[in-house]
Amino acid sequence: MEAAISEFNHKPAKGIEYLLSNKLIENNATSVALFLKSNSSLDKVMIGEYLGQHEEFPLAVMHAYVDSMKFLGLKFDTAIREFLKGFRLPGEAQKIDRIMEKFAERYCGDNLGLFKNADTAYVLAYAVIMLNTDAHNPMVWPKMSKSDFVRMNTMSDAEECAPKELLEEIYDSIVKEEIKMKDDFPDAAKTNKHRRETEERGLVNILNLALPRLKSANDTKAENEKIIKQTQALFKNQGQKRGVFHVAQQVELVRPMLEAVGWPLLATFSVTMEEGDSKPRVLLCMEGFRAGIHLTRVLGMDTMRYAFLTSLVRFTFLHAPKEMRGKNVEALRTLLAFADTDMDALQDTWNAALECVSRLDYITSNPSIAATVMQGSNQISRDSVIQSLKELSGKPAEQVFVNSVKLPSDSIVEFFTALCSVSAEELKQTPACVFSLQKLVEISYYNMARIRLVWARIWSVLSQHFIAAGSHHEEKVAMYAIDSLRQLGMKYLERAELNKFTFQNDILKPFVILMRNSHSEKIRGLIVDCIVQLIKSKVGSIKSGWRCVFMIFTAAADDETEYIVESAFENVEQVILEHFDQVVGDCFMDCVNCLIGFANNKCTPRISLKAIALLRICEDRLAEGCIPGGAVKPVDVVAEANFDVTEHYWFPMLAGLSDLTLDSRPEVRHCALEVLFDLLNERGHKFSSPFWESIFHRVLFPIFDHVRHAGRDGLSSGDDWLRDTSIHSLQLICNLFNTFYKEVSFMLPPLLGLLLECAKKADQTIVSISLGALVHLIEVGGHQFSDSDWETLLKSIRDASSTTHPLELLNSLGFQKSNNHQSLSREADTNSLGSREGVASVSKDGEQDGHQETNPHSSLDNSEGLPSSSGRAQPAVSPRGQTFGQRFMGNMMDNLLVRSLTSKSKGRTDNIAPPSPVKG
């Protein structure tokens, strides 16, 4: 074991290999991680180096190492301190990046809800590491302020930002106490001194890249004045010596001298370039420009550097090819040379430099434009200049893009921003030019390996430009942009994404926006094809991107082009049937919404029916617990704990099926109705009472809105399908109520309100349907009703009866309102008494004994039965053949349908036949 430890402390990979080959530890990532975590003799720096490696096994060890740690309830900075106790961060940005990503995932997993996603924790973790280096490393100056730290962690989406109070608390904690590791070796400070300095310089570089802080003008001015005073004092003390030069080690001493001579030198170079064509002088001027730009960059003299660069760009004359001369070619050559020697010197002039490259390509690739170069000069000179331009448009111009990988983080973001700006101008031309758009794709490939923190900033710039290019009025340009977007998406999906991160989703967002906004059938078809290709090749890597995939397919479901709908649905079907486990979690509801969209599509009923069937499959998987947090919980759980599950996962599915019950296509309507009530009957015994209430009010009752809000004339002749649905739906809802009476008994009043509200409509068919459903409700479930339920039932019927009496008609026939009301009350009381007595007798022989009052004014024609729920008249039934419910409702309907007084002759009440319920 000692030999293995010694080997590890020298070369980690070989040390682990020695341990495994000699079977000192088990050959799995968990055992190796435990060894690294528990062995105090290991060099912490080497542990960090090993954990940061990208090979499969070390990466698995790093994941196991981090997963073995518990951060539940720890403050963020405390968690990082605990995390970094066991190793030192490696000096390479990519290694740090992998470790920080895993830490963010683990912390968010242990502290759910603290951050919106792991991206916030990841950025904050990086910021804390950089703040620690900034605050406690003397090499860094000036120091980061609290406002700098808060600004660095502020994002455009307020929900994704860490709270300001948390950031300020972290800042104070880190500044007060450095995050450092205890050295276990007595001579560790000596043996690791060089390594520590190297590591600190690496972290300092990362810090400077992420948050550049340039000295203010006041600081520079004060420093210059100090240097000038020191120089004057030096000359004063040693003024007697003439011709003696002193060697200075401080670069800052040059700044006052350059400030004194820089502007006159720039003016001299500019005048020389404008007035003469002498090649030796031009070359000297170019040397002066190179030196001036380099010195001003090193000394941080941005204003002067910008002046030198813009003057150099102006002397290229690419904006006026007719006036170009050999000296202008030299100016262009000098500008492009910075791509090899000093790329970072261009900084805020990238836009002008990239415009030169764009113009150079435009001139050399268009013979008609190239023919105008040096117009009026002799052919030899023209050919020479054109040849030089073609040479510069080759490798020298290409190096500007190839060497972009050498740019520091902030500079590369500026580079992408400038190139997007140049590309936007090219796309405005007629015809549009795509040179810079092509280069954007190329440099994206070159810089794909940058840490995700930096690439996220790059993508925020790129995505907006690709959305604009993909919306271009020229279809060919738009299609090229979308295909380029597909290539970049395909490439980036090769990078693994950990749980709770959302960057894969950000990569695919431009497709969603373009799909929703495009008016071109070809463009929408291309987007669907791109997503299909992504799924086929990267199905296991899409992770958080599934949300965007389903959003795109949802937009396709609303399309009027059949082949787009067909193609999108085929892939949705394949994903659900073959890759369901890879789209669960946060993307589940997007999947459900997508299926509901396809079910509502009117292209073909076949797709709609298949979509409903897939919804049923999703529901089954949900009930099986395949969705995190989606399994149905027992009713006795605390309401708050159950609410998230039911409302978030179940309700959108139920509401979508409810909407589909009003579809104009009968097969779709019936299928949705069947699936909806099957689902409720199968899973309802585990639903909580609050959720049942939500289901009735927001899912079931809205099915009857078209009936409840029908006009005075009732439903139109074209609404037969609504009548049909209403009959079936009312029976199903009554059956559902009776089945889950114990859980939903509190819903009796609103259910009666629905039935009786429909019964008060002028449309005879609606009246018959609703009353038939009421009879069915009482017949099937009446034996479960409590006394209070019966009182509620009778009161509701009495109120409905009194509000539907034609008072004017009764008054004209000599009835007094008060007498009529008393008569109705007596009848209701009699019915109430009869109902209580009749429940027992129904259970025995289905008949009710006792006297039944008759009202000669409420009798109906004994030769006609009432319409059934199917709309056809039913034959009269003798009193002995009626069930209790039918006889009870017969009395109730005598009062409810008194409007028939004027149209029917007097007869016996024993011949009244109430509507028969249609069996579901």
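Worth saying up front: this structure is predicted, and the values here are computed from it rather than measured.

> Before we go on, may I ask you to explain the overall build of the chain in this structure?
A count of helical and extended segments in the chain gives 43 helices and zero strands. Residues classed as buried in the chain amount to 50% of the 920 residues present. For the chain, the share of sequence-separated contacts (at least 6 apart) that also reach a separation of at least 24 residues comes to 73%. Carbon and sulfur atoms make up 53% of the accessible area of the chain, which totals about 43300 Å².

> What should I look at first to understand helix 31 (residues 605–623) in this one?
The α-helix advances 3.6 residues per turn, and as a result positions three or four apart in sequence lie on the same side. Look at helix 31: 27 Å from first C-alpha to last across 19 residues, which is about the 27 Å you get at 1.5 Å a residue. Two residues or fewer after helix 31 comes G625, characterised by a positive phi angle close to 90°.

> I'm lost on the side chain of D663 in this one. Help?
Tracing the backbone through its elements, the reader meets D663 in the loop between helix 32 (639–660) and helix 33 (666–683). Separated by 2.8 Å, the side chain of D663 and the backbone nitrogen of R665 make a polar contact.

> In this structure, what is going on with the packing of helix 30 (residues 588–600) against helix 31? I would like to understand it.
Each packed pair of helices is defined by two parameters, the angle between the axes and the distance between the axes. Direction vectors running N to C along helix 30 and helix 31 enclose 155°, while the axes themselves pass 7 Å from each other. By the angle class used here, helix 30 and helix 31 are roughly antiparallel. At the point where helix 30 passes helix 31, the crossing takes the left-handed sense. On the side of helix 30, the interface is formed by F588, C591, V592, L595, I596, F598 and A599, while helix 31 contributes I607, S608, A611, I612, L614, L615, C618 and L622.

> Mind showing me how you'd approach the confidence of the model for the chain here?
Note: predicted coordinates in regions of low pLDDT should not be interpreted at a detailed level. Scored by pLDDT, the chain has a mean of 80; 76% of the residues are at 70 or more. Here residues 824–887 scores under 50 on pLDDT; set against residues more than four positions off or in separate chains, the count is 108 contacts.

> Would you mind showing me how to read a nonpolar patch on the surface here?
A surface patch of nonpolar side chains, amounting to about 260 Å² of accessible area, comprises M1, Y18 and L24. Position of M1 among the secondary structure elements: in the segment before helix 1 (2–10). The class for M1 is partly exposed, based on a relative accessible area of 43%.

> Help me out: how do you make sense of unusual backbone geometry in this one?
Generally, phi is negative for residues other than glycine and the peptide bonds are trans, each holding for most cases. Geometrically, the link from T430 to P431 is a cis peptide bond, its omega value of -5° lying close to zero. In this structure, P431 sits in the loop between helix 22 (409–427) and helix 23 (435–446). Within the chain, K23 stands out as a residue other than glycine whose phi angle is a positive 55°. Its place among the elements puts K23 in the loop between helix 2 (12–21) and helix 3 (29–38). The phi torsion at K500 lies on the positive side, around 75°, for a residue other than glycine.

Reading the values: rules and limits
Residues numbered from 1 in each chain as written. Predicted model: local features only at pLDDT ≥ 70, side-chain atom pairs only at ≥ 80, totals over all residues. Heavy atoms only, no water. Helix = DSSP H or I, 4+ residues; strand = E, 2+ residues; numbered from the N terminus. Buried < 20%, exposed > 50% of the residue type's maximum accessible area, 1.4 Å probe, protein only. Contact = heavy atoms within 4.5 Å. Areas by Shrake-Rupley, 256 points an atom, 1.4 Å probe, with all protein chains shown as cover. Expected span 1.5 Å × (residues − 1). Polar contact = N/O pair within 3.5 Å; in protein donor to acceptor, adjacent residues only side chain to side chain. Axes fitted to C-alpha atoms, helices over the stretch in contact; angles between N-to-C directions. Parallel < 35°, antiparallel > 145°, perpendicular 65-115°, else oblique. Left-handed = near helix turned anticlockwise from the far one by under 90°. pLDDT = per-residue confidence, 0-100. Patch = residues over 30% accessible without salt bridge, like charges linked within 9 Å, V, L, I, M, F, W, Y side chains within 5 Å. Salt bridge = Lys/Arg side-chain N within 4 Å of Asp/Glu carboxyl O.

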